[in-house]
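# Architecture at a glance
Listed below are the residues making up each chain.
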Amino acid sequence: MTAFWIMAALLTALAGLCALSGARRGADADETVSAAAELAELDRLKARGLLDEAGWTAARAEAGRRILVSDRETAPVRAGTKDRFWVLAGLGTTAAAALGLYAVVGAPGLPDQAYERRVDQWTTELETLEAPQLAAVAARVVRDRPNNHQALTMLGAARFEAGDPIGAASAFRRAVALQPDDAQSWSRLGESLTRANGGVVGGDAEAAFAQSLRRDPGQLGARYFLGEAALARNEAAMVRAMWGPLIAALDPADPRRADLQRRMPGETE
């Protein structure tokens, strides 16, 4: 909080300095525009024979035209010698009003709430938390109990929902290291790696899905992604082997079933 007030004071002083500098330049700039010197110069040139009658007449006419145009233009705004003090008073009043408003509606005596303290509060409000907050709570549990398989799977799921597929993959890797027969965590690991790879089923993700399906043939998510990988390689037989049971498991009214049936290659392909 102290650093905030120091920075606020410095920025206020800098703004005041810029405003005062501008006001001073406006007050000191007192240039006057006069056509007398230009007309006198034209007369001297004519007297010395450097301008004939026609040239002198044309030059004076052009000078007169410029004078008329300049007279119609709006005169520049110039600050008075005391305006800088009014500017300073305005800045001071604005700063005082801002401080007063903060004292009324703010909480100047409230200390900074540390991150760990916010996590303490979130642990009592699990039903209302967003995915990033759930991930923070799960991360604390994992930190305290690094070999807790359930906490690791919760952490992976929360990070995945929070848009952190790399962090989710890290949590699921640790989970399957603790329980290699956890087919669902293998599938979630592959899904996290796929999302981190922009939706493309890479080699590591495909291996994770294969591990999941080896332990539980009913892992439909793993079947879907393995079918996608096989489809990208034009392996029609593998696509049918992966998606056939998946299509059979989906409800006939499920639009995903129709999409898979449309995309699945035929027997002759």
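## Here's the deal with the overall build of the protein chain
Looking only at helices and strands, the protein chain has 13 helices and zero strands in total. Classification of the 269 residues of the protein chain by burial places 27% in the buried group. Partitioning the intrachain contacts of the protein chain with sequence separation of at least 6 by distance along the chain shows that 45% fall at a separation of at least 24. Summed over its atoms, the accessible surface of the protein chain is roughly 17,400 Å², and 59% of this surface lies on carbon and sulfur atoms.

## Let's talk about the packing of helix α6 (residues 131–144) against helix α7 (residues 149–161)
Interhelical geometry of α6 versus α7 gives an angle of 155° and a closest axis separation of 8 Å. Classified by the angle between their axes, α6 and α7 sit roughly antiparallel to one another. The hand of the α6/α7 crossing is left-handed. Note on element contacts: α7 touches α6 through Ala-151, Leu-152, Met-154, Leu-155, Ala-158, Arg-159 and Glu-161, opposite Ala-131, Leu-134, Ala-135, Ala-138, Ala-139, Val-141 and Val-142. Looking at the contact of α6 with α7 residue by residue, the classes come out as twelve nonpolar, no polar and two charged.

## Some words on the nonpolar core
Counting 25 residues, the largest nonpolar core has Leu-189, Val-201, Phe-209, Trp-243 and Leu-260 as its most contacted members. Elements represented by at least two residues in this core include exactly α8 (165–178), α9 (183–196), α10 (203–215), α11 (220–232) and α12 (236–249). Non-local contacts of Leu-189, meaning those with residues more than four positions away in its chain, are made with Ala-169, Phe-172, Arg-173, Val-176 and Ala-208. Ala-138, Ala-151, Leu-155 and Ala-171 belong to the second-largest nonpolar core, a separate cluster that totals seven residues.

## Here's the deal with unusual backbone geometry
The backbone of Asn-234 sits at a positive phi, close to 60°, despite the residue not being glycine. As for its placement among the helices and strands, Asn-234 is situated in the loop between α11 and α12. Under the relative-accessibility criterion, Asn-234 is labelled exposed at 69%.

## Overview of the side chain of Ser-187
Secondary-structure assignment places Ser-187 in helix α9. Judged by relative accessible area, Ser-187 falls into the buried class, the value being 7%. Leave out the neighbours within four places in its chain, and Ser-187 touches Phe-209, Ser-212, Gln-219, Gly-221 and Ala-222.

## Concerning the pattern of salt bridges
Here the structure, examined in full by the defined rule, presents nine salt bridges. Here Arg-143 ties to Asp-144 by a salt bridge, and the two come within 3.7 Å at their closest N and O atoms. With respect to class, Arg-143 is no different from Asp-144; both count as exposed. Here Glu-235 makes a salt bridge to Arg-233, at a shortest N to O gap of 3.0 Å. Note on Glu-235: relative accessible area 32%, which makes it partly exposed. Beyond isolated ion pairs, a larger network of salt bridges with shared partners links Glu-228, Asp-259, Arg-262 and Arg-263.

## Thoughts on the side chain of His-149
Within the secondary structure, His-149 sits in helix α7. Within the structure, His-149 has its side chain in polar contact with the side chain of Asp-182 (distance 2.9 Å). In this view, His-149 contacts Ala-175, Leu-178, Gln-179, Asp-182 and Ser-185; residues no more than four positions away in its chain are not counted.

## Overview of the packing of aromatic side chains
Going through the model one piece at a time under the given rule, you end up with three aromatic pairs. For the pair Tyr-224 and Phe-225, a centre-to-centre distance of 5.1 Å together with 75° between the ring planes defines the contact as edge-to-face. Accessibility expressed as a relative area gives 28% for Tyr-224, which makes it partly exposed. By the ring-pair criterion, three or more aromatic residues cluster together here, those being Phe-209, Tyr-224, Phe-225 and Trp-243.

Rules used throughout
Residues numbered from 1 in each chain as written. Predicted model: local features only at pLDDT ≥ 70, side-chain atom pairs only at ≥ 80, totals over all residues. Heavy atoms only, no water. Helix = DSSP H or I, 4+ residues; strand = E, 2+ residues; numbered from the N terminus. Buried < 20%, exposed > 50% of the residue type's maximum accessible area, 1.4 Å probe, protein only. Contact = heavy atoms within 4.5 Å. Areas by Shrake-Rupley, 256 points an atom, 1.4 Å probe, with all protein chains shown as cover. Axes fitted to C-alpha atoms, helices over the stretch in contact; angles between N-to-C directions. Parallel < 35°, antiparallel > 145°, perpendicular 65-115°, else oblique. Left-handed = near helix turned anticlockwise from the far one by under 90°. Nonpolar A, V, L, I, M, F, W, Y, C, P; charged D, E, K, R; others polar. Core = buried A, V, L, I, M, F, W, Y, C linked by side-chain atoms within 4.5 Å. Salt bridge = Lys/Arg side-chain N within 4 Å of Asp/Glu carboxyl O. Polar contact = N/O pair within 3.5 Å; in protein donor to acceptor, adjacent residues only side chain to side chain. Phe/Tyr/Trp six-rings, centres within 6.5 Å; stacked < 30°, edge-to-face > 60°.

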